[in-house]
Amino acid sequence: MKKILITDDEPHVLRVLKLSLEKEGYAVETCANGKEALARLEQEHPDILITDIQMPVMTGEELCKRIEQHM
């Protein structure tokens, strides 16, 4: 089963995406900001990351830059 990590600061967006993707057979984890997602990525290795761009704490753009630096 493919694993997806979704990062968004809006709980209703996380809920809708999670339910929709789980119906399609994906295992879905969620995070409320980029910093939380970065910590989760260090522990788990999802197949796909879906991120919002404008979030508090760490933006989606900064998250992507940090991921790129670690590769």
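Residues numbered from 1 in each chain as written. Predicted model: local features only at pLDDT ≥ 70, side-chain atom pairs only at ≥ 80, totals over all residues. Heavy atoms only, no water.

K.L.:
Would you mind showing me how to read the overall build of the chain here?
P.N.:
Assigned secondary structure in the chain consists of 3 helices and 3 strands. Reading the secondary structure of the chain in the N-to-C direction produces β-α-β-α-β-α. Taking 71 residues into account, the globule formula puts the C-alpha radius of gyration at 11 Å, and the chain, at 12 Å, falls close to it. Each principal axis of the C-alpha atoms in the chain carries an extent, and together these give about 35 × 25 × 15 Å. Counting all 71 residues of the chain, 27% fall into the buried class. A fraction of 56% describes how many contacts in the chain between residues 6 or more apart in sequence connect residues 24 or more apart. Counting only carbon and sulfur atoms, one obtains 52% of the accessible surface of the chain, whose full area is about 4900 Å². In the chain, which carries 9 positive and 14 negative side-chain charges, the distance between the mean positions of the two groups comes to 3 Å. (Helix = DSSP H or I, 4+ residues; strand = E, 2+ residues; numbered from the N terminus. Rg over C-alpha atoms; globule rule 2.2 N^0.38 Å. Buried < 20%, exposed > 50% of the residue type's maximum accessible area, 1.4 Å probe, protein only. Contact = heavy atoms within 4.5 Å. Areas by Shrake-Rupley, 256 points an atom, 1.4 Å probe, with all protein chains shown as cover. Lys, Arg positive; Asp, Glu negative; His and termini not counted. Charge placed at Lys NZ, Arg CZ, Asp CG, Glu CD.)

K.L.:
Just checking my understanding: could you explain the side chain of T7 for this structure?
P.N.:
Secondary-structure assignment places T7 in strand β1 (residues 3-7). Aside from chain neighbours lying at most four places away, what touches T7 is L14, C31, N33, G34, A37, L49, I50, T51, D52, M55 and L63.

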